[in-house]
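# Results of the structural survey
Each chain, written out:
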Amino acid sequence: MTLSNRLEGKVAIVTGTGNGIGKGVALMFARHGARVIGCDIDHAAAEATLAEARNEGLSFHSLHPCDLTTPDGAQALADFAVEKAGRIDVLVNAAAFGVFKLIEEMSFDDWKRTLSGELDLVFLLTKAVWPHLIAAGGGSIINFASANAYQALPGSGALAHCAGKGGVLALTRQLAMEGGPHGIRANSISPGMIVTAATAPVVADPAMRETILAKKMIKRLGQPEDVAWLATFLASDESAWITGSDHHIDGGATAW
């Protein structure tokens, strides 16, 4: 299902394509003409997305399983993208992992695993892709922070997640500064609650759902496609003078 040629000619790596935001962004990019290189640590989920893309006749390759929390895993994905498409123009660091517990319940191992899943994989893959973006004459990096980097949500054990996503905000600003001379733009997206397989148990709780919706000006939960439209803009040449910025997409939750 081709939507437009907004991303025609661009090669985009999108991580976490097995489900949720990563899947939504990857399919949206391909439908707008990009050649997409996906990955996921979940082999079955990645295969399902790949099959869906191919059934639509989209340009989509996937490396799975792929562990982006290791330097070897990140380098393997960058090499795979260049092997399949010859260049890299866009990097979307959508994959993430976090342990959601209150501080009295969170172990040091939980903390370290979350920061690795929120920050290490962004650093490692960006480092592996960086020389290819320079070789392409520039490009767009899209990272994912969160509304949780700005607001605490009552009843949510998101301590390590908040710290990790706050780190993504700062990391992205620095990448924008370092990338500027090379024509590399770096921006972040801060979603509110998006309905995915990972968040399904949270939004299924009526009390938590009510708490989440109470903060929103638009009284619904977000969908991966909502985020994918914004990511498409940031990947395209339409956003050529936008860098170092964070973009809220949360139904107005952080605007109060």
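Above this text is the structure in question.
One structure accompanies this document, and this report is about it. Source: prediction; values computed, not measured. (Residues numbered from 1 in each chain as written. Predicted model: local features only at pLDDT ≥ 70, side-chain atom pairs only at ≥ 80, totals over all residues. Heavy atoms only, no water.)

### Examining helix α3 (residues 71-85)
The first and last C-alpha atoms of α3 sit 21 Å apart over 15 residues, in line with the 21 Å expected at 1.5 Å per residue. By the burial criterion, the buried members of α3 are Gly 73, Ala 74, Leu 77, Ala 78, Phe 80, Ala 81 and Ala 85. Buried positions in α3, seen along its axis, are confined to an arc of 160° and lie on one side of it. Of the exposed residues in α3, the ones pointing more than 90 degrees away from its buried face are Pro 71, Asp 72 and Glu 83. On its buried side, α3 packs onto β1 (11-15), β2 (35-39), β3 (60-63) and α4 (108-135). Trailing α3 by a residue or two, Gly 86 shows a phi angle of about 85°, which is positive. (Helix = DSSP H or I, 4+ residues; strand = E, 2+ residues; numbered from the N terminus. Expected span 1.5 Å × (residues − 1). Buried < 20%, exposed > 50% of the residue type's maximum accessible area, 1.4 Å probe, protein only. Arc of directions from axis to C-beta. Contact = heavy atoms within 4.5 Å.)

### What about the pairing of β1?
Across the five residues that make up β1, a large majority, five, are buried. Side chains Val 11, Ile 13 and Thr 15 of β1 all project onto a buried face; the interleaved residues Ala 12 and Val 14 project onto the opposite face, where all are buried too. The sheet contact formed by β1 and β2 spans five bridges and is parallel. Note that in β2 the partner of Val 14 across the bridge is Gly 38. You can see the chain leave β1, run along helix α1 (residues 20-31) and come back into β2, and the turn it takes is right-handed. (Pairing = 2+ DSSP bridges. Right-handed = clockwise from strand over helix to strand, strands pointing away.)

### Description of a nonpolar patch on the surface
Together, Met 1, Leu 3 and Trp 229 make up an exposed nonpolar region whose accessible area comes to about 320 Å². Tracing the backbone shows Met 1 in the segment before β1. A relative accessible area of 51% places Met 1 in the exposed class. (Patch = residues over 30% accessible without salt bridge, like charges linked within 9 Å, V, L, I, M, F, W, Y side chains within 5 Å. Areas by Shrake-Rupley, 256 points an atom, 1.4 Å probe, with all protein chains shown as cover. Salt bridge = Lys/Arg side-chain N within 4 Å of Asp/Glu carboxyl O.)

### Section: helix α7 (residues 206-214)
Among all positions in α7, only Met 208, Ile 212 and Leu 213 are buried. Angularly, the buried residues of α7 cover 130° about the axis, an arc narrow enough to put them on a single face. Residues of α7 that are exposed and point more than 90 degrees away from the buried face comprise Pro 206, Ala 207, Glu 210 and Ala 214.

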